[in-house]
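# A closer look at the structure
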Amino acid sequence: MAEKKEAPKGAAKSGKGKKRTKGSYYKVEGNSLKRKKSCPKCGAGVFMAEHKDRAHCGNCGYTEFR
């Protein structure tokens, strides 16, 4: 069997990126909150991931290119 190699103690672990907070899905306009991009197929409850060249829904796979 192949052995799993472990990173040396204190070494940086590769991760998926920084975690998003609930507040990052909304923007403040005046005294109200506005939702950021939500999926047109799934509805208002599913947010789309913002990439530098596209917006992508992780639920249904819908993608909008910029």
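Here the structure is a predicted model, which means the values were calculated and not measured.

## Examining the environment of E50
With respect to the helices, strands and loops of the structure, E50 is situated in strand 3 (residues 49-50). E50 sits in the partly exposed class, given a relative accessible area of 40%. Spatially, the C-alpha atoms of E50 and E64 are 9.9 Å apart, while their sequence positions differ by 14 residues. Excluding anything up to four places from it in sequence, E50 contacts R20, K37 and R66. Here R66 takes part through its side chain, which lies 2.3 Å from a polar atom of the side chain of E50.

## Observations concerning the sheet that holds strand 3
Here three strands make up an open sheet; going across it, the order is 3-4-5 and the pairing antiparallel. Edge positions in the sheet fall to strand 3 and strand 5 (63-65), since each has one partner strand and no second.

Cut-offs used in this document
- Residues numbered from 1 in each chain as written.
- Predicted model: local features only at pLDDT ≥ 70, side-chain atom pairs only at ≥ 80, totals over all residues.
- Heavy atoms only, no water.
- Helix = DSSP H or I, 4+ residues; strand = E, 2+ residues; numbered from the N terminus.
- Buried < 20%, exposed > 50% of the residue type's maximum accessible area, 1.4 Å probe, protein only.
- Contact = heavy atoms within 4.5 Å.
- Polar contact = N/O pair within 3.5 Å; in protein donor to acceptor, adjacent residues only side chain to side chain.
- Pairing = 2+ DSSP bridges.

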